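Structural description and commentary
The lines below spell out each chain.
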Amino acid sequence: MEMVSEAKVNGGDMEAPTGELLPALAEKPAGLPPGKYSLVGWDMDTTGRRLIDEICQIAAYTPKQSYSQYIMPYGDLNPGARRRHNVRVVTVGRYRMLKDTNTHKILKTKSEISALSDFLDWLEKEKGDGSVILIYHEPRRLSPTMLLEALTRYKLLDRFKSIVAGFADSYALAADKCKSTVKSVSLRVLARVLLDADTLSVDSALDRATAAYRIVEHLAQGEQQEVGAGGEGASASKDMVETARVWARPVHTELEALAKLKKLLERQNTFRPVFAPLLRSARPERKRVTQLRRLLADAGLLYDQLKDAWQEQKLTGLEKQLESLSVSAKEEDIKELIEIFDCHFDPAKEPKGPKPRVNNRNRAASSAGETGEAEGSTSESQKSSPQNSPNKTSNDVAAGDSSSQTVAAQEAVAAN
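Just so it is clear, the structure is predicted and the values come from calculations on it, not from any experiment.

Definitions and limits used
Residues numbered from 1 in each chain as written. Predicted model: local features only at pLDDT ≥ 70, side-chain atom pairs only at ≥ 80, totals over all residues. Heavy atoms only, no water. Pairing = 2+ DSSP bridges. Helix = DSSP H or I, 4+ residues; strand = E, 2+ residues; numbered from the N terminus. Contact = heavy atoms within 4.5 Å. Axes fitted to C-alpha atoms, helices over the stretch in contact; angles between N-to-C directions. Phe/Tyr/Trp six-rings, centres within 6.5 Å; stacked < 30°, edge-to-face > 60°. Parallel < 35°, antiparallel > 145°, perpendicular 65-115°, else oblique. Nonpolar A, V, L, I, M, F, W, Y, C, P; charged D, E, K, R; others polar. pLDDT = per-residue confidence, 0-100.

Quick notes on the sheet that holds strand β10 (residues 248-250)
Here we have seven strands laid out as an open sheet, ordered β7-β3-β2-β1-β8-β9-β10, and mixed in their pairing. Since the sheet does not close on itself, it has two edges, and those belong to β7 (109-110) and β10, each with one partner. Where strand β8 (residues 131-136) meets strand β9 (residues 164-169), five bridges bridge the pair, whose relative direction is parallel. By the bridge assignment for β9, I133 is matched with G166. Sitting on the sheet, helix α5 (residues 170-177) touches β8 and β9, and the angle it makes with β9 is about 45 degrees. On the sheet, helix α8 (residues 238-246) packs against β1 (37-46), β8, β9 and β10 and is oriented at approximately 55 degrees with respect to β1.

This is the structure we're talking about:
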């Protein structure tokens, strides 16, 4: 479906490069039980699109007031995130700071735990005597997962669950309501078609939070009229609350998705002895590696299982173990995996890597620097020299990094 592939123009956080999470349109949300809810538009910018990446801005919007706070991450933003959010980490003297690359101004920041605590304080005032539904706009359900992971890290999850009832994705709502009128449900397109905002900026988390709220507000009205007819500062209408409630996913549902993601990543990481050397290759090959490794993890296979099968029956053992992939994988994928594992386990054979599959369109997009993570980009990564980023971590995989840094970045808990 074309709409799911629209992440490049969706603004802000692009598609999750790993594809571990279900798309917003994969299943209709279960909704929340009837009750009293307050609606808040929400979004955040992150240093990357992996589970271990950090938040660098968190923002929320209601017609009455808004919240926005930049966060100083421990690691640098990866090249793709720097282009999306127009911010980067710089070093001034002995201090690392966050800088707006458009205005060239240093941004006021807080630590992640301090910003999250302030965010919860702000939400608590907004919820009144009910609960909050956070509205966001994203093709894949990555932002709620990353937020819940950060809250868990700082032991703030219980407090969050006492305030927030669930998440409503305006992307899924718009895809359902507007499927017969628009081909794309990206923020820019919806802002132009529904909100009459031709020049809406989606670089900032606050801009996207505002747009997501107004999109739900518009679609809940049931007819094409100007959003905000209730006047500036007006509270959410009953129709809007009901629409968001029906399309919301409870917090426990997103926590279950987070737990499944972690289990999947644990299975993927058991294949590190095989795929770690292959991740040193060019980006098309790395992308192919993650696809093949995902097939194995989805099937519930582990490295030791394949190793034992090869030691007992060689190629026949591998073929039996990989039979379970026939439902989700193509025959050529299975043959390629068998060849890779056979060459890996047999010391007499030279290790082989995956065959890259790159069409002309993908190659053009990659050369233009528009791919999701842009891990092979040199234009931005070369600007971030070791002098400017003394605390370089696996969050920033530049073209000039050593192979060990590349492997560490790719094989972390939430590696691609």
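Some thoughts on the packing of aromatic side chains
Scanning the entire structure with this criterion turns up 13 aromatic pairs. Between Y67 and W122, the aromatic rings sit 6.1 Å apart at their centres with planes inclined by 40 degrees, giving tilted as the arrangement. Taken together, the residues Y67 in strand β3 (residues 66-71) and W122 in helix α2 (residues 112-127) connect sequence positions 55 residues apart. In this structure an aromatic cluster arises from ring pairing among F271, F275, Y303, W310, F341 and F345.

A closer look at the packing of helix α11 (residues 283-298) against helix α13 (residues 331-345)
Where α11 contacts α13, the axes come no closer than 11 Å and their chain directions differ by 95 degrees. In this view, α11 runs roughly perpendicular relative to α13, as classed from their interaxial angle. Taken together, the residues of α13 that come into contact with α11 (itself represented by R288, L292, L295 and L296) are D333, E336, L337, I340 and F341. Counted by class, the contact of α11 with α13 contains six nonpolar, no polar and three charged residues.

Concerning the sheet that holds strand β5 (residues 95-100)
Taken together, three strands build an open sheet; the order of strands is β4-β5-β6 and the sheet is antiparallel. Taken across any chain shown, the strands that pair with only one partner, and hence form the sheet edges, are β4 (87-92) and β6 (106-107). Sheet topology note: the β5/β6 ladder contains two bridges and is antiparallel. Across the sheet, K99 pairs through a bridge with I106, a residue of β6.

With respect to the confidence of the model for the chain
Across the chain, the average pLDDT comes to 78, with 74% of residues at 70 or higher. Across the chain, the element-wise mean pLDDT spans from 40 in helix α15 (residues 403-410) up to 97 in helix α4 (residues 157-163). Below a pLDDT of 50 lies the segment residues 1-20, which in the model reaches 69 contacts outside its immediate sequence neighbourhood of four places, other chains included.

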